[in-house]
Amino acid sequence: MRHSDTNILNSSESSSIEAAVSALRDDELVAIPTETVYGLAARASSRTAVNKIFKVKGRPANHPLILHIAKTSDLEKWAQDLSTVARTLVDHYWPGPLTIVVQRNEKVCDEITGGRNTVAIRCPDHKIATELLNRLDDAIVAPSANRFGKVSPTTAEHVAADLGDDVKIILDGGECAIGLESTIIDCTTTPPQLLRVGAITVEQIKTECLITVVSASGESRASGMLDKHYAPECEIELFNNRMQAETRRSELSQLGTTSEILDFGDDLALYARSLYARLRDADKRNIDVVIAVKPPSTGIGSAINERLKKAAR
Ligand code: AMP
Ligand code: MG
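Values in this document were obtained by computation on a predicted structure and should not be read as measured data.

A.B. asks: Just give me the short version of the overall build of the chain, but keep the residues and values in it.
C.D. replies: The helix and strand inventory of the chain stands at 10 helices and 15 strands. Here the C-alpha coordinates of the chain stretch approximately 60 × 50 × 30 Å along the principal axes. Here the chain holds 313 residues, and 55% of them are scored as buried. Taken as a whole, the chain presents about 13400 Å² of accessible surface, with 48% of it coming from carbon and sulfur. Of note, the chain has its 37 positive side-chain charges centred 2 Å away from the centre of its 43 negative side-chain charges.

A.B. asks: Can you break down the pairing of strand β9 (residues 169-172) residue by residue, with the values?
C.D. replies: As paired strands, strand β1 (residues 8-10) and β9 are joined by three bridges and run parallel to one another. Each bridged residue has a counterpart across the sheet, and for L9 the counterpart in β9 is L171. For strand β2 (residues 30-32) and β9, the ladder comprises two bridges, and the chain directions are parallel. Residue V30 lies in a different strand from β9, and its bridge partner there is I169.

A.B. asks: Explain the pattern of salt bridges to me, and be specific about the residues and the numbers.
C.D. replies: Taken as a whole and assessed by the stated rule, the structure comprises 25 salt bridges. With a shortest N-O distance of 2.6 Å, R248 and E237 are connected by a salt bridge. With R248 in helix α8 (residues 242-254) and E237 in strand β13 (residues 235-239), this pair connects stretches of sequence that are 11 residues apart. Bridged by salt links that share partners, the residues R242, E246, R249 and D263 form one connected network.

A.B. asks: Would you mind going over the nonpolar core in detail, with residue names and values included?
C.D. replies: Counting residues in hydrophobic clusters, the biggest one holds 75 residues, and the most contacted among them are L89, I100, I112 and I121. A total of seven residues in this core trace back to one element, the largest contributor, which is helix α9 (residues 268-284). In contact with I121, other than residues within four places in its own chain, are I66, L67, I69, L75, W78, A79, W94, L98, T99, I100 and V102. One finds A23, L24, I140 and L171 within the second-largest nonpolar core, a separate group that totals 18 residues.

A.B. asks: Go over the packing of helix α1 (residues 14-25) against helix α5 (residues 127-136) with me, naming the residues and quoting the values.
C.D. replies: Any two packed helices are characterised by the angle at which their axes cross and by the distance between the axes. Where α1 contacts α5, the axes come no closer than 10 Å and their chain directions differ by 50°. By the angle between their axes, α1 is oblique relative to α5. α5 is crossed by α1, and the crossing has right-handed handedness. Contact with α1, carried on its side by S14, I17, E18, A20, V21, L24 and R25, involves I128, E131, L132, R135 and L136 of α5 and no other residues of that element. Of the residues contributing to the contact of α1 with α5, the split by class is seven nonpolar, one polar and four charged.

A.B. asks: Could you give an account of the environment of R307, naming the residues involved and the relevant values?
C.D. replies: Within the fold, R307 resides in helix α10 (residues 301-312). What makes R307 buried here is its relative accessible area of 1%. Distance from R307 to G198, taken between C-alpha atoms, is 9.7 Å for residues 109 residues apart in sequence. Setting aside residues up to four positions removed in sequence, R307 forms contacts with L180, E181, R196, V197, G198, Y230, L275 and Y276. Only 2.8 Å separates the side chain of R307 from the backbone oxygen of V197, close enough to count as a polar contact.

A.B. asks: Can you break down the side chain of R196 residue by residue, with the values?
C.D. replies: Mapped onto the elements of the fold, R196 is located in strand β11 (residues 193-196). No salt bridge forms around the buried R196; measuring N to O, its nearest opposite-charge neighbour E181 is 5.4 Å away. Among the polar contacts listed, one links the side chain of R196 to the backbone oxygen of S182, at a separation of 2.8 Å.

Each value, and the rule that gives it
- Residues numbered from 1 in each chain as written.
- Chains lettered and ligands numbered in written order.
- Predicted model: local features only at pLDDT ≥ 70, side-chain atom pairs only at ≥ 80, totals over all residues.
- Heavy atoms only, no water.
- Helix = DSSP H or I, 4+ residues; strand = E, 2+ residues; numbered from the N terminus.
- Buried < 20%, exposed > 50% of the residue type's maximum accessible area, 1.4 Å probe, protein only.
- Areas by Shrake-Rupley, 256 points an atom, 1.4 Å probe, with all protein chains shown as cover.
- Lys, Arg positive; Asp, Glu negative; His and termini not counted.
- Charge placed at Lys NZ, Arg CZ, Asp CG, Glu CD.
- Pairing = 2+ DSSP bridges.
- Salt bridge = Lys/Arg side-chain N within 4 Å of Asp/Glu carboxyl O.
- Core = buried A, V, L, I, M, F, W, Y, C linked by side-chain atoms within 4.5 Å.
- Contact = heavy atoms within 4.5 Å.
- Axes fitted to C-alpha atoms, helices over the stretch in contact; angles between N-to-C directions.
- Parallel < 35°, antiparallel > 145°, perpendicular 65-115°, else oblique.
- Left-handed = near helix turned anticlockwise from the far one by under 90°.
- Nonpolar A, V, L, I, M, F, W, Y, C, P; charged D, E, K, R; others polar.
- Polar contact = N/O pair within 3.5 Å; in protein donor to acceptor, adjacent residues only side chain to side chain.

So, in structure tokens, the structure goes:
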């Protein structure tokens, strides 16, 4: 779809945030920057607005949405029966790239949770997102601002390219600092379960909070846990080191296949921040194969490897 670019507003101007707040109050969708990826925001108290998200994203109704709040103390407005684990995680990591799944209260509508009695909540660590939430005086739901199953957007231009005029306003806050979706921990089970790996790792939680988080068991519950997700148009092949990647590039080039290598050495933060933009760029330039050198699985490296694996299926 063609987009006009006229809906991209510079978020450093106060009037832009005011326009976004006003659109949200009118039950419109607004794309906003966060420290993880750009979110497609709807006012959480409006079923009409929440329903628009599913329509615009092409997202199945049984994929619940993450509620975003301005500050930790807003948690009690939407959740109840919080466990010690939930409180400890919130104290340590909010605001930040960690989503917790907890018992919902009656304010949370069924559309947000897909009818579950639990709700996923996060408090983003981003000046614009926080200011918008404070001015709105409501929570928002905000899945990644892309069509379902595709690569998440990490710039305002990515959002415009994907959603075009289906989103009323895109607040441009520049490139996302982290670049990968939040870690999701289900705090309603004992022990708590990891539903999606992100910048905050289970090893870190173990060390810093003395909480053991186990891998999710049972039916897949997070969209990031589907087998194929985060998928660009190009093929992705994974290699353990640069040398293997170079060899593969020569092979492909002899076959007349265009390819490029994705490799950030040990700079995991740069890898995470650049990954989605590089995949989008490869698609734009009609590259057939992206040859990714896998980062070490330490820190955010696990999340990068997880996304690469799913994109490569
Ligand atoms: P996204 O909005 O695309 O970043 O994805 C949000 C993820 O949170 C989805 O994969 C959901 O499945 C997961 N999620 C949201 N609410 C719940 C919930 N109540 N229980 C389990 N997972 C949830
Ligand atoms: Mg998403």
